[in-house]
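# Structural overview for review
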Amino acid sequence: MDYLIAPECIACDGFILRSYRPGDGGLLSEAVNDSYEHLAPLMPWAKPQQSVEESEKLVREFRARYLLAEDFVIGIFNTDQTRLLGGTGFHLREGPLATKSAEIGMFIRKSEAGKGLGTEALKAMLTWGFDAWPWIRLAWICDSRNKASIRTAEKAGMEKEGLRRGQAAEVGDGRRDTVLFGALRDNWAE
Ligand SMILES: CC(C)(COP(=O)(O)OP(=O)(O)OC[C@H]1O[C@@H](n2cnc3c(N)ncnc32)[C@H](O)[C@@H]1OP(=O)(O)O)[C@@H](O)C(=O)NCCC(=O)NCCS
């Protein structure tokens, strides 16, 4: 398998998961600017004041790579799609598409964090990922200091697989321990 006609969208309880589209730049810019301080310590891509133009270029890149089956960046929108609540995606960080393995990434915008959305969005990504996508294995990787991320994976039902120690931190010059979580299609239904 070297190409995938990827699922586009799923409506969940209280939010919609879908590929970004041209025109979503304003919503992305607003969500990340609202969340800079919340994201900056953890997310290497966070920038202060990301303009609408920069965000529009990003969403077009996300869309292009989605259509090419290179990377699957997904927005978490409110139900009428007037607000971006966060972002997620299936990323080919464990090997090419043929491995049927992907890593789920996620951010929830600051004003929506801590209300249960991250857990629900991760559960939805796992269920959708195993039902409608070809994934056999899905991973979730977090800095051991990121208690919210660890707890989100646990609450969504992922299994802790181990700890990689002393890796170069993604943000800053320090080192970090990385907690590894995974889920497998064969036992997800249970
Ligand atoms: C990690 C993240 C996606 C979780 O989403 P969320 O909507 O805030 O998570 P939830 O509200 O579903 O909470 C899940 C659990 O984390 C806990 N939690 C949330 N924020 C926390 C914090 N700052 N410190 C410790 N625990 C926290 C919650 O209390 C809850 O556990 P509990 O039910 O046992 O109390 C979100 O906080 C985020 O975007 N963080 C910044 C980016 C990031 O770290 N992404 C993950 C990279 S792997």
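The residue numbers shown here count from 1 along each chain, following its written sequence. Local features in this predicted model are restricted to residues whose pLDDT is 70 or higher, and side-chain atom pairs enter the listing and the counts only when it is 80 or higher, whereas totals over whole chains, interfaces and linings include all residues. In computing side-chain properties, one takes all heavy atoms of the structure into account and sets aside hydrogens as well as water.

### Topic: the overall build of the protein
How we decide: Under the scheme used here, helices are H or I runs from DSSP no shorter than 4 residues and strands are E runs no shorter than 2 residues, and both carry numbers assigned from the N terminus. Only protein chains enter the accessibility calculation, which uses a 1.4 Å probe; a residue is then buried when its area is under 20% of its type maximum, exposed when over 50%, and partly exposed in between. In these tables, accessible area is a Shrake-Rupley quantity obtained with a 1.4 Å probe, and a residue counts as shielded only by the protein chains included in the view. All tallies of charge rest on Lys and Arg as positive and Asp and Glu as negative; His and the ends of each chain are not included. Charge positions come from single atoms, namely NZ of Lys, CZ of Arg, CG of Asp or CD of Glu.
Broken down by element type, the protein carries 6 helices and 8 strands. Going from the N terminus to the C terminus, the protein shows its helices and strands as β-β-α-α-α-β-β-β-α-β-α-β-β-α. Along the first, second and third principal axes, the C-alpha set of the protein runs to 40 × 40 × 30 Å. Counting all 190 residues of the protein, 47% fall into the buried class. Of the roughly 9,800 Å² of accessible surface on the protein, a fraction of 51% belongs to carbon and sulfur atoms. Averaged over its 25 positive side-chain charges, the protein has a centre that lies 3 Å from the centre of its 28 negative ones.

### Description of the site of the ligand
The criterion, for reference: One heavy atom within 4 Å of a molecule or strand is enough for the residue carrying it to be called near that molecule or strand. Side-chain atoms alone can form a polar contact between residues adjacent in sequence; in general such a contact is a pair of N or O atoms within 3.5 Å, and within protein one must be able to donate a hydrogen while the other accepts it. Each residue gets one label: Ala, Val, Leu, Ile, Met, Phe, Trp, Tyr, Cys and Pro are nonpolar, Asp, Glu, Lys and Arg are charged, and the others, such as Gly, are polar.
Looking at the ligand, there are 22 residues lining it, with Gly116, Thr119, Asn146, Arg151 and Lys155 nearest. Within the contact set of the ligand, an oxygen atom lies 2.8 Å away from a backbone nitrogen or oxygen of glycine 114. The backbone of glycine 118 places a nitrogen or oxygen atom 2.8 Å from an oxygen atom of the ligand. For the shell around the ligand, the secondary-structure elements that each account for two or more residues are helix 2 (36–39), strand 5 (101–108), helix 4 (117–131) and helix 5 (147–156). For the shell around the ligand, the element with the most residues is helix 5, which contributes 6 residues. When its residues are assigned to classes, the shell around the ligand shows 10 nonpolar, 8 polar and 4 charged.

### Some thoughts on the pattern of salt bridges
The criterion, for reference: Any carboxyl oxygen of Asp or Glu within 4 Å of a side-chain nitrogen of Lys or Arg constitutes a salt bridge here.
The final tally for this structure, using the stated rule, is 18 salt bridges. With a closest N to O distance of 3.2 Å, arginine 63 and glutamate 8 form a salt bridge. Of the two residues, arginine 63 sits in helix 3 (residues 52–67) while glutamate 8 sits in the segment before strand 1 (9–12), which places them 55 residues apart along the sequence. Arginine 63 gets classed as buried once you look at its relative accessible area, which sits at 17%. Close ionic contact of arginine 18 with aspartate 24 constitutes a salt bridge, the shortest N to O distance being 2.9 Å. Looking at arginine 18, the relative accessible area reads 3%, which means it is buried. Look at aspartate 24 and you get buried, because its relative accessible area is 7%.

### Observations regarding the sheet that holds strand 7 (residues 159–168)
The test is simple: A pair of strands counts as paired when DSSP detects no fewer than two bridges linking them. Angles shown run from 0 to 180 degrees and are taken between the N-to-C directions of axes, each axis being a line fitted to C-alpha atoms and, for helices, limited to the stretch in contact. When checking whether two residues touch, look at their non-hydrogen atoms; a contact exists if any pair is within 4.5 Å.
Sheet architecture is open: 8 strands sit in the order 1-2-3-4-5-6-8-7, paired in mixed fashion. Strands with a single pairing partner mark the edges of an open sheet, and in this sheet they are strand 1 and strand 7. Taking the axes of each pair of neighbouring strands and ignoring which way they run, one obtains an average angle of 25 degrees across the sheet. Note that strand 4 (residues 84–91) and strand 5 share 6 bridges and pair antiparallel. The residue bridging threonine 88 from the neighbouring strand is methionine 106, located in strand 5. Strands in contact with helix 5 are strand 6 (137–143) and strand 8 (175–184); relative to strand 6, the strand with the most contacts, it is inclined by about 155 degrees.

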